[in-house]
Amino acid sequence: MGNSSTKQTSHLDAFNETELQQLHSTFNSLSSNNPSIQISQIEKQLHPKLYNYFSNTFQSSLNIEQWATAADLFCRKSTYTHQEWISTYFKSDLTGFCEFLAPAVKFSVAAGTVGNKPVSSEFVKFLIGSSIKVDLDDDFEGGIEKSLPSASEGFAKSVYLQRLWNLMFRNMFFGIKDVKYRSETNFPTLISLEVEWLLNTVISDDSKDSAWPCVFSTELHGKSWTVFKSSIMMAKSTLLVIRDHDGHVFGGFASNPWNTAPKYLHSGTKTFPNGLGFGGQLDYFGLFISEDFTVGHSKANPRSSTFGNPRLSNKEEFMIESVEVYSVKAFSDEELEEIMQEKESILASNPEAQAFLEMAGRKLYAKEVGETGESAKPKAAFANIDVRQFMDNDTTPIVPQKG
């Protein structure tokens, strides 16, 4: 019989080459490039429950093998194994567990975007609620009293808690952040980081880009219907956010361009409502805002006939305080060029519009193409020809509004 030898398995063997590099990087950062991490020296960087786990499991220090052991537990084991850890360290404290995971939402953006701003208590309440199975048709306004499950039971029921768990520990052990989808602005926005993260989890990948720029804000652009219309028409999918005079924030997501049904966009008429509407029917939209950004409504009895959503606003009729539009998915350069060529073709048949653009110092390339028989529009100059800001209702030239 030949001699047999057994190779001692290592938790490091569970990770691929990229993960190993990431593990070593985070380990070296915490250990200051020493052979081991002194747990007492990282106490302030850890949640008390995590500090207790490291202290109880590895006592005073841990080496790279032990670091990999912890990474394997938190990042690779099953939900059932995670539940066992949660039961040990949080027991029945679901609220404390949600407060533990909630700050992980900050790992979904680039460092420095949110600073040290604490996670809102409303977000924690939402996470607690997500672990309670309640039928969507239940009357929330009546106030439903539900006994809270244990922390481990709540974790098993809530996909949001599970995603935050993955986000927290993938960042802790591998330094991995989620795709950055929040675009920084130089003015306060209506939706918080937490709400934007929640929206990102439910919007399909084919309907969103990695960054969502705010392309219109009444705080920045004023109550200009022209700029507003241009913003939503020139994006493939958009997020509309409204704050009313009572401080309630709500809105809607359009996964398709605004020239497709069942969305409504109208202005400058005396026979139809002038404004923007989602679903429903005339004067009974699922969500509607007027073109002067003063009033709106959300009518659903009990749900919108088009999208099946309940009433979005606190009151059926509301007064608008501010409005924002986010470009969740932009047109590609090719798609945008096609749209602009269509606009220019319309302008080419409108002498008054041509004259207005020429007075404004804008060169109409479609006209030049028609005269020469060949394209004279350089691709690099495309972004500089913004016909949109001069147009309303497709063919009527207007003077751009200041402010």
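Residues numbered from 1 in each chain as written. Predicted model: local features only at pLDDT ≥ 70, side-chain atom pairs only at ≥ 80, totals over all residues. Heavy atoms only, no water.

A. Inspection of the packing of aromatic side chains at higher detail. The full count for this structure, using the stated rule, is 38 aromatic pairs. Relative to Trp-85, the ring of Phe-74 lies with its centre 5.2 Å away and its plane at 75 degrees, an arrangement referred to as edge-to-face. One end of the pair, Phe-74, is in helix H3 (residues 64-75); the other, Trp-85, is in helix H4 (residues 79-89), and 11 residues separate them in sequence. The same class applies to Phe-74 as to Trp-85, namely buried. The lysine or arginine in question, Lys-49, covers the ring of Phe-90, its NZ or CZ lying 5.5 Å from the ring centre. (Phe/Tyr/Trp six-rings, centres within 6.5 Å; stacked < 30°, edge-to-face > 60°. Helix = DSSP H or I, 4+ residues; strand = E, 2+ residues; numbered from the N terminus. Buried < 20%, exposed > 50% of the residue type's maximum accessible area, 1.4 Å probe, protein only. Lys NZ or Arg CZ within 6 Å of the ring centre and 35° of its normal.)

B. Here's a closer look at the pattern of salt bridges. Tallied over the full model, the rule gives 10 salt bridges. Between Lys-329 and Asp-209 there is a salt bridge whose closest N-O contact spans 3.7 Å. Taken together, the positions of Lys-329 in strand E10 (residues 317-329) and Asp-209 in the loop between helix H9 (193-202) and strand E3 (214-217) put the pair 120 residues apart, joining distant regions of the chain. Judged by its relative accessible area of 21%, Lys-329 falls in the partly exposed class. You can call Asp-209 partly exposed: its relative accessible area is 28%. Note that Glu-321 and Arg-243 form a salt bridge whose closest N and O atoms lie 2.9 Å from each other. (Salt bridge = Lys/Arg side-chain N within 4 Å of Asp/Glu carboxyl O.)

C. Structural context of H3. With 12 residues, H3 should reach 16 Å at 1.5 Å per residue; the first-to-last C-alpha distance of 16 Å fits that figure. Restricting attention to buried positions, one finds in H3 the residues Ile-64, Trp-67, Ala-68, Ala-70, Ala-71, Asp-72, Leu-73 and Phe-74. On the buried face of H3, the contacting elements are helix H1 (17-31), strand E1 (37-38), helix H2 (48-58), strand E2 (61-62), H4 and helix H8 (159-174). (Expected span 1.5 Å × (residues − 1). Contact = heavy atoms within 4.5 Å.)

D. Just the environment of Gln-162, in detail. Position of Gln-162 among the secondary structure elements: in helix H8. Through-space distance from the C-alpha of Gln-162 to that of His-82 is 9.7 Å; in sequence the pair is 80 residues apart. In this structure, Gln-162 is in contact with Phe-155, Ala-156 and Lys-157, ignoring residues within four places of it in sequence.

E. Molecular detail of the pairing of strand E7 (residues 275-278). Covered by surrounding structure in E7 are Gly-275 and Gly-277 together with Leu-276 and Phe-278, the residues of both alternating faces. Bridge count between E7 and strand E8 (residues 287-290): 4 bridges; the pairing is antiparallel. Following the sheet pairing, Phe-278 is matched in E8 by Leu-287. (Pairing = 2+ DSSP bridges.)

F. Here's a closer look at the confidence of the model for the protein. Looking at the protein as a whole, the pLDDT averages 77, with 73% of positions reaching at least 70. Averaged over each element, pLDDT in the protein is lowest for strand E12 (residues 396-397) (26) and highest for H4 (96). Residue range residues 135-145 is modelled with pLDDT below 50. Its contacts to residues more than four positions away, or to other chains, number 8 contacts. (pLDDT = per-residue confidence, 0-100.)

G. Structural context of helix H11 (residues 225-233). With 7 of its 9 residues buried, H11 lies for the most part within the structure. Regarding H11, the residues found buried are Trp-225, Thr-226, Phe-228, Lys-229, Ser-230, Ser-231 and Ile-232.

H. Just the packing of helix H5 (residues 94-101) against helix H6 (residues 121-130), in detail. Across the interface, H5 lies against H6 with an axial gap of 9 Å and an inter-helix angle of 125 degrees. Put simply, H5 runs oblique to H6. As for how H5 packs across H6, the hand of that crossing is right-handed. Residues Leu-94, Thr-95, Cys-98 and Glu-99 of H5 lie in contact with H6, whose contacting residues are Val-124, Leu-127 and Ile-128. Looking at side-chain class alone, the contact of H5 with H6 contains 5 nonpolar, 1 polar and 1 charged residues. (Axes fitted to C-alpha atoms, helices over the stretch in contact; angles between N-to-C directions. Parallel < 35°, antiparallel > 145°, perpendicular 65-115°, else oblique. Left-handed = near helix turned anticlockwise from the far one by under 90°. Nonpolar A, V, L, I, M, F, W, Y, C, P; charged D, E, K, R; others polar.)

I. Region of interest: the side chain of Thr-26. Summarising the element assignment, Thr-26 is placed in helix H1. Judged by relative accessible area, Thr-26 falls into the buried class, the value being 13%. If we ignore the near neighbours within four places in the chain, the residues touching Thr-26 are Trp-67, Met-172, Phe-173, Phe-174 and Gly-175.

J. Representation of the packing of H1 against H3 in the model. Running from amino to carboxyl end, H1 crosses H3 at an angle of 115 degrees, the nearest separation of the two axes being 10 Å. Considering how the two elements wind past one another, H1 and H3 form a crossing that is right-handed. Between H1 and H3, the contacting residues are Leu-23, His-24, Thr-26, Phe-27 and Leu-30 on the first element and Ile-64, Trp-67, Ala-68 and Ala-71 on the second. Class assignment of the residues belonging to the contact of H1 with H3 gives a composition of 7 nonpolar, 2 polar and no charged.

K. Layout of the nonpolar core. Ranked by size, the top nonpolar core spans 52 residues in total, and within it Phe-54, Trp-67, Trp-85, Phe-97 and Phe-173 carry the most contacts. By residue number, the principal contributor to this core is H8, which donates 10 residues. Residues contacting Phe-54, with those up to four places away along its chain left out, are Ile-39, Leu-46, Gln-59, Leu-62, Trp-67, Ala-70, Met-172 and Phe-173. Counting residues in each nonpolar core, the second largest holds 18 residues, with Ile-242, Leu-276, Leu-287 and Val-323 among its members. (Core = buried A, V, L, I, M, F, W, Y, C linked by side-chain atoms within 4.5 Å.)

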